[in-house]
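Architecture and fold: a report
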Amino acid sequence: MRSHEMLLATLAGASLLAMPGVPATASAQELMSISTDPPDCAVGLREVLRLGELEDTGTIGVRPEITRTRDGEFVVASPENRGELLVYDAEGRFRRTLGAAGDGPGEYRLPGRIRLGPDGSLLILDIRNRRITRVSAGGEVLQTVEIRTLQVLDFVALDGDARFFVSGFGVGDGGLSVVTEVVDGEGTTLARLGSVSAEPWTANFFRGPVGLDGGGRLWSARPGGYAFEAWEADGDREPVLRLTGEAGWFDPGPPQPGAPITAPTPSVVMSLRFAQGLLWIATWVADENWQENADLNPAELRLNRVLDTVLEVVDPASGELVARSRHEEALRITGDEGLVFGVREDDVVPRAVLYAPSLEGPDCRSPDRPGM
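These remarks concern the structure in this document.

Procedures and definitions
- Counting restarts for each chain, with residues numbered from 1 along the sequence as it is written.
- It should be noted that, the model being predicted, local features are given only for residues of pLDDT at least 70 and side-chain atom pairs only at 80 or more, the latter also being counted only at that level, while totals for whole chains, interfaces and linings use all residues.
- For side-chain calculations, the full set of non-hydrogen atoms in the structure is used, while hydrogens and water are omitted.
- Helical segments are the DSSP runs of H or I of at least four residues, strand segments are the runs of E of at least two, and each set is numbered from the N terminus.
- We call a residue buried when its accessible area falls under 20% of the maximum for its residue type, exposed when it is over 50%, and partly exposed in between, using a 1.4 Å probe and counting protein chains only.
- Whether two residues are in contact is decided by their heavy atoms, any of which lying within 4.5 Å being enough.
- All accessible-area figures derive from a Shrake-Rupley calculation using a 1.4 Å probe, and residue coverage is judged against the displayed protein chains alone.
- Only a pair of cysteine sulfur atoms within 2.5 Å counts as a disulfide in this structure description.
- Two rings belonging to Phe, Tyr or Trp (six-membered ring only in the last case) form a pair when the distance between their centres is within 6.5 Å. Interplanar angles under 30 degrees mark stacking, angles over 60 mark edge-to-face geometry, and anything in between is tilted.

1. A look at the overall build of the chain
- Secondary structure assignment for the chain yields 2 helices and 27 strands.
- Taken over 372 residues, the chain has a buried fraction of 57%.
- Sequence-distant contacts in the chain: of pairs separated by 6 or more residues, those separated by 24 or more amount to 52%.
- Surface exposure of the chain reaches about 15300 Å², of which carbon and sulfur atoms provide 46%.

Have a look at this one:
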């Protein structure tokens, strides 16, 4: 059985179409185009530190999730560590593990996105167990939110930890769909904000990045194109704004045979973040020379050989493209407030390289001000 068929079977019986009180998506109230010509302004990256040594317990892995805590520690989730999260100090030295493999409280099968709670706690998404666990900095379990309607891929916390804005795959619109919902602390769906029918191949590419802006609006990338939707957290169940772009570098797919690694199309919006009123977007695109590496063993440590990252900064109030740069590395945004990271194979040891991004160039709005 193919992966998307297994997902449909798992979620059958919890169909979003049959859920009372959950309205379908309506058209955006305001459409806005992202300008195509950037000013002379780019996203510069200053390396901060690297995580991962051969003698460390566990491994950084090939596609980790990373968050910096309020105390300056770094928490890393990688599938290779079988449910254990790795904790590094502010200098990048390994200190301890957090959690364990399993299905019980404080245990994880496939830990993914990590966010910070307003009280400094950690919010850890377990993709396989389909739940969000809130733990203290020391690892004490404070809250467990079971989410059964979706295969959640990303989330943000609302009202402290009382509600969550979640995005992922579910059953809707007659089949596999990309869905955004608001759920309460018990995992009960309060509102379905978006549902976009997905082709089976989309499951290999869409990562459901979501964000929360300074005005309390909820944002999500729309699959199948370079577009972003915003909702009021307590408003009508339809988007209040849709940003769309006609970027020449963005390939909407479908993928070529052998994807996602040996033929890395379509383009994938991997993560987004709001800072200083601006929307920061990280998108994976095919490296211009990816075909030279297409016959390699598709180990994900070689992502940098076939993927680049386009970083764009957009003013959501006007659609103005503030900055754009392309980096020859598969970059992601961390789950905290300030860093971008990639993974490199250094002496056969995977290391996470963390960068502080900033706006650089004569036409930048404030070139000396940190970007995130």
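2. Things to note about the state of the cysteines
- As enumerated under the stated definition, the model contains 1 disulfide in all.
- In this model, C41 is linked to C364 through a disulfide, with the two sulfur atoms separated by 2.0 Å. Because the sign of the S-S torsion sets the handedness, a value of about 100 degrees for the bond joining C41 and C364 places this disulfide among the right-handed ones. Of the two residues, C41 sits in the loop between β1 (31–33) and β2 (42–51) while C364 sits in the segment after β27 (349–360), which places them 323 residues apart along the sequence. Summarising the burial analysis for this pair, C41 and C364 share the class buried.

3. Topic: the packing of aromatic side chains
- For the structure shown, the criterion picks out 8 aromatic pairs.
- Plain terms: the ring middles of Y88 and F94 are 5.7 Å apart, the flat faces sit at 75 degrees to each other, and that makes the pair edge-to-face.
- Since its relative accessible area comes to 1%, Y88 is described here as buried.
- The buried category is assigned to F94, whose relative accessible area is 19%.
- Summarising the aromatic geometry, the rings of Y226 and F250 are spaced 5.4 Å apart at their centres and angled 45 degrees between planes, so their arrangement reads as tilted. Here the residue Y226 occupies a position in the loop between β18 (217–222) and β19 (227–232), and F250 occupies one in the loop between β20 (241–244) and β21 (268–275), the gap between them amounting to 24 residues.

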